[in-house]
Amino acid sequence: MGIVMWRLGGERFRAAAVAWGPVAGPFKIAVAGEPRNRDLYFHALAPFATDLSTAVRAAADDRVARTRGSRTDRLPANGLQLVVANRSTVGALGLLGRYLAYLSDRSGVSPDPNLMEAGKHLRFYARHSRTPGQALIVPLDRLLSEHWATLLSPLEQANLAALDAQIEPGRGVHAFEASAAAERIARIGPEPTEDIDRVTTELVEAFNEDRAGSVDPAVVTPLLEPISAHYRALVEPVWALIGRSVSRERGLPAAPSVAGRFESDREAFGRHVDWVSDGGRYRTTDTPRQAAMTLRRLEQARSRYEAERAIEDPACMVPYLLDADAIRGTVTNLNEDHRTVVRVRAVQRPLLTLDTDDPIVLPAGKKLWWTAAAHDAPWEVVSVTRHAAGSRAVLMLTTVARNDRLPALRGRATFSTLRTRSEGFPLALATAPPWTHQPERPPAAPEPIDAGDAETPAAAVDGSAVADPEAYR
Amino acid sequence: MAKRSRSGRTTSKNEALAAVRGNAPKASPNVRRLAAFAKVHSCPTAVLAFAAGVDSNRVLTGTRLEMPFGQSPFAIGRGVAFENLLRQHGHAELRRVLTEGLEVDFALAPVENLRQGFQPNRTGLTMRASVTKNHMKEIVTGLPRPIVLDGAVLRAEVGGITAFFEADEMAIGVGGEILVGENKSWPVVDGRPTDADALGSALDQAATYALLGRRTLAEVGVDPDRVSGDVVIVTPRNTGLSPVLHRQNVDGRIRRIERLLAAVPAVSDIAEDLPAGLSFDPVADTSADDDARLDAFAEITDQVGNVYEPGSCLTSCGFAWACRECAFGRGDPAVAGGSVARALPGVATLRRVSELGRGAPPSVAEAPAAGPIARAGRLYDEAVPVPAPRRRRPA
């Protein structure tokens, strides 16, 4: 499902327009007119919330068994993947989710449960987006900047239109000129620029005047057309850009490790849907124990993702080779029958000689993993000597020989500090953290943040009417 | 902007800088701009524009390289409404939030608005700076009663020029100590800011104010550390505008900004070396054609020099797109970002990077970077073989 969102300037919880639908297909659009009015806002968001909640539940319904050892889990066969233009949209959806997930009643009337369910899903997606290598929610600016080498600086890579223009600048146009032009013209969202909201201001003011305080759909819906047209015109180019980017990326072969990572995504997705279906609530502030566990999980995911990228894509290994975290060369000798004493007995430990093209410096005893068996036992550096223009490294496998553990003689091989499996199992954290990690007050239970919904919306103020508009940034 | 002096040297420097500005849009000096300028302090063109009081965000207005620095009217409206909420009914909400957040009773504390009662010109600014200094001294040396100073004016020396800077922020006197306070209209939810970048900018501004405040105290012979390294940020909480206060230490930021401002090249050196007739006037001339204005800008950067660093320039300087185009024209590796440029010391162009990557002999300046570049070139060629040129099939 693709999602494009435009906020009202400065209003972090107010989606002025949300468009959703199948990527490269037609989209639906929800426009509230005055998103700072709770009734209008919720009425506009309801179809989006219903579609999202239905799609999430449908994706989680179909389960497959996964057996690991004696444990069998039923994971969703697929997960609902959300595709958005950029990381800012992920943040905006997360805030919208935080707002909708826990809503208070108004005059004894409960809000639409679909809104609250959709809020919980959006929060989950935004939090899950922090997991390196995840693919449940795909901000295309991140995806493209990981897949393509461009001339853009990291800051400029946040602009999807600029990235797209660098990748496919068009015939006869330099990538730099194409991306600079795209940056000037394209409006991606979710935060509107001044020119967009100057138009929005006039439309919203006219809409508010015409509806004369009414929130009745019969009165309001016909008045929405000009604002809908305004946002539809803003969504269409972004939708097309998303479609084009996804189509181009689908033409690339998936890395072998993608399936494994998506299995982790499906597992998290299934856990989330089960939790929400059972009426579970998420903390909005982690306990110290939760924070420590989350940090460890994210760090492990980061190490695994970086290792898998470098191992599967030789171009991603180059920085590790340059930083001396990896060595590459030709295997000039392989002694499979070499034996060494481990504890009390002499055991088989193959020796390998690697001639590198460049000089290397490695301490004896350093552990390196052969990239073709990065999930397996490491090799240990025995010695490094100068050899021709490069070095000659002798490495010893730290386990017995097996065909899939040994590189071919006279073949090129890369050894690095990267591995795709952690050693041993992590120890579980104590259920009661030590006093040094206990906050003065326990984190608050999830609470609604919508008390301000009853406030009168602030009037829009043009930049020319204040002495220094920059002061309000 | 520069302090007026009887000496002919200063006057001629001021005249030279005024000529540089010409009819270009003028920037009012304030602490927020100073904090932003600290990020681009190493660029001679930015230093010259800052010293001459040129509004770099508006000079290129109307050209294809004008940067979108404007703000949504809704965002400005929200900011104005939040400011009004804090000030209305005798600053009742501000007093409440300070009392709750700082655990000191501000119910009867005076709130001095230094924006009122002074002329909106240089004389007024000078008088406000003097009143600010006196108030700050009183807070620290007088009775330890709570007080809020709004609209202070502080003095700073930047690139050898002493100038006055107006502060958006508040100075809060608590127990004989001064805390810098900042109002921002983006909300905080669950104790966390909803915009990390905006929080960073707000803390930078508050840290700049704290630094200038410490210098002001030092000038009057009072311990500068009485300006606290903690600052307070007042923001709305959750979906409404109801304010809440957060306290955060910015000592690290103060040290960084102090270092950056100390490293600003002397404006007098730049002014003395200015070629005759150099001015932002033709750059800002909206009646002239786009190319002529941009050529005039390129001429200034050629003569004065510029340093383009996307990470800081694109967020802080209105010249950034124009400088980026100049940098691209030169083939400057800086267009790809600071980390790329720092990895290529002594290599002037991207073309040279490509040549060194294919094993071309380096010059003396390029020698330190040449080895790693050549090695990277070999490794990338091995990892991603360049396709062989297509052979035309014989007819």
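Looking at the overall build of chain A
So, point 1. Assigned secondary structure in chain A consists of 12 helices and 15 strands.
So, point 2. By its C-alpha atoms, chain A is 90 × 60 × 45 Å across when sized along the principal axes.
So, point 3. Within chain A, buried positions represent 37% of all 473 residues.
So, point 4. Sequence-distant contacts, at least 24 apart, represent 64% of the contacts inside chain A between residues at least 6 apart.

Remarks on the packing of helix α14 (residues 350-357) of chain B against helix α15 (residues 367-383) of chain B
All names here are of chain B.
So, point 1. Interaxial distance between α14 and α15 falls to 7 Å at its minimum, and their mutual angle equals 70 degrees. Our classification of the angle between α14 and α15 gives roughly perpendicular. Of the residues in α15, those in contact with V353, L356 and G357 of α14 are A370, I373, A374, A376 and G377.
So, point 2. When the residues that make up the contact of α14 with α15 are grouped by side-chain class, the tally is six nonpolar, two polar and no charged.

So, the packing of helix α3 (residues 44-51) of chain B against helix α10 (residues 290-304) of chain B
All names here are of chain B.
So, point 1. Put simply, α3 and α10 touch, their axes get as near as 9 Å, and they point 105 degrees apart. Considering the angle they form, α3 stands roughly perpendicular to α10. Contacts between α3 and α10 involve P44, T45 and L48 from the former and I300, T301 and V304 from the latter.
So, point 2. In the contact of α3 with α10, the residues fall into four nonpolar, two polar and no charged.

What about the domain arrangement of chain B?
Residue and element names in this part refer to chain B.
So, point 1. Partitioning chain B into domains gives domain 1 (10-69 + 275-342), domain 2 (73-262) and domain 3 (350-383).
So, point 2. One C-alpha centre belongs to domain 1, the other to domain 2; they are set 29 Å apart.
So, point 3. With 11 residues of domain 1 in contact, the opposing surface of domain 2 contributes 19 residues.
So, point 4. Of all the secondary structure elements, the ones that give two or more residues to the side of domain 1 that touches domain 2 are α2 (31-37) and α3.
So, point 5. Looking at the side of domain 1 that touches domain 2, the element that brings in the most residues is α2, giving four residues.
So, point 6. Here the side of domain 1 that touches domain 2 is built from residues that sort into seven nonpolar, three polar and one charged.

Thoughts on the interface of chain B and chain A
So, point 1. Taken together, the contact between chain B and chain A spans 43 residues of the former and 50 residues of the latter.
So, point 2. Residue assignment for the side of chain B that touches chain A shows that the elements contributing at least two residues are α4 (73-102), α11 (310-316) and α15 of chain B.
So, point 3. Per element, the largest residue contribution to the side of chain B that touches chain A is nine residues, and it comes from α4(B).

Points about helix α3 (residues 113-128) of chain A
All names here are of chain A.
So, point 1. Spanning 16 residues, α3 covers 23 Å between terminal C-alpha atoms, matching the ideal 22 Å at 1.5 Å per step.
So, point 2. Those residues of α3 lying buried are L115, E117, A118, G119, K120, H121, L122, R123, F124, Y125 and A126.
So, point 3. Residues of α3 that are buried make contact with α1 (38-61), β6 (82-84), α2 (87-101), β7 (137-139) and α10 (258-277).

Comments concerning the nonpolar core
In globular proteins that are soluble, nonpolar side chains generally tend to be buried together.
So, point 1. Within the largest apolar cluster, 104 residues are counted, with the highest numbers of intra-cluster contacts made by B:A46, B:V47, B:I172, B:A206, B:A210, B:V231 and B:A322.
So, point 2. Per element, the largest residue contribution to this core is nine residues, and it comes from helix α6 (residues 196-219) of chain B.
So, point 3. Excluding residues within four positions of it along the chain, B:A210 makes contact with B:V180, B:V227, B:G229, B:V231, B:V250 and B:I254.
So, point 4. Grouped together as the second largest cluster of nonpolar side chains are 85 residues, A:A30, A:V56, A:V235 and A:F269 included.

Some points on the sheet that holds strand β12 (residues 367-370) of chain A
All names here are of chain A.
So, point 1. Spatially, β8-β11-β14-β13-β12-β15 is the arrangement adopted by the six strands of the closed barrel, whose pairing is antiparallel. Going across the sheet, the axis of each strand differs from the next one's by a mean of 45 degrees, ignoring polarity.
So, point 2. Inspection of the sheet shows strand β11 (residues 351-356) paired to strand β14 (residues 390-397) by five bridges, in the antiparallel sense. Residue pairing across strands places L352 opposite L395, the latter belonging to β14.

What to know about α2(A)
So, point 1. Given a rise of 1.5 Å per residue, 15 residues ought to cover 21 Å, and the 21 Å separating the end C-alpha atoms of α2(A) matches this to within 8%.
So, point 2. The element α2(A) is largely enclosed, with a buried count of 12 among its 15 residues.
So, point 3. Taken together, the buried positions of α2(A) are occupied by A:T89, A:V90, A:A92, A:L93, A:G94, A:L95, A:L96, A:G97, A:R98, A:Y99, A:L100 and A:A101.
So, point 4. The elements touched by buried residues of α2(A) are β1 (2-7), β2 (15-21), β6, α3 and β7 of chain A together with β7 (188-189) of chain B.

A look at the environment of B:I373
Residue and element names in this part refer to chain B.
So, point 1. Position of I373 relative to the elements: it lies in helix α15.
So, point 2. Spatially, the C-alpha atoms of I373 and I139 are 58 Å apart, while their sequence positions differ by 234 residues.
So, point 3. Those residues in contact with I373 that lie beyond four places of it in its chain are V353, L356 and G357.

Describing the pairing of strand β4 (residues 63-68) of chain A
So, point 1. Across the six residues of β4(A), zero count as buried, placing the element largely on the outside.
So, point 2. Here β4(A) folds back onto strand β5 (residues 71-76) of chain A, and the loop between the two strands holds two residues, one of which, A:G69, carries a positive phi near 60 degrees.

What counts as what
Residues numbered from 1 in each chain as written. Chains lettered and ligands numbered in written order. Predicted model: local features only at pLDDT ≥ 70, side-chain atom pairs only at ≥ 80, totals over all residues. Helix = DSSP H or I, 4+ residues; strand = E, 2+ residues; numbered from the N terminus. Buried ≥ 20, exposed ≤ 12 C-beta atoms within 10 Å, placed from the backbone. Contact = placed C-beta atoms within 7 Å. Axes fitted to C-alpha atoms, helices over the stretch in contact; angles between N-to-C directions. Parallel < 35°, antiparallel > 145°, perpendicular 65-115°, else oblique. Nonpolar A, V, L, I, M, F, W, Y, C, P; charged D, E, K, R; others polar. Domains from an automatic or database assignment. Expected span 1.5 Å × (residues − 1). Core = buried A, V, L, I, M, F, W, Y, C linked by C-beta atoms within 7 Å. Pairing = 2+ DSSP bridges.

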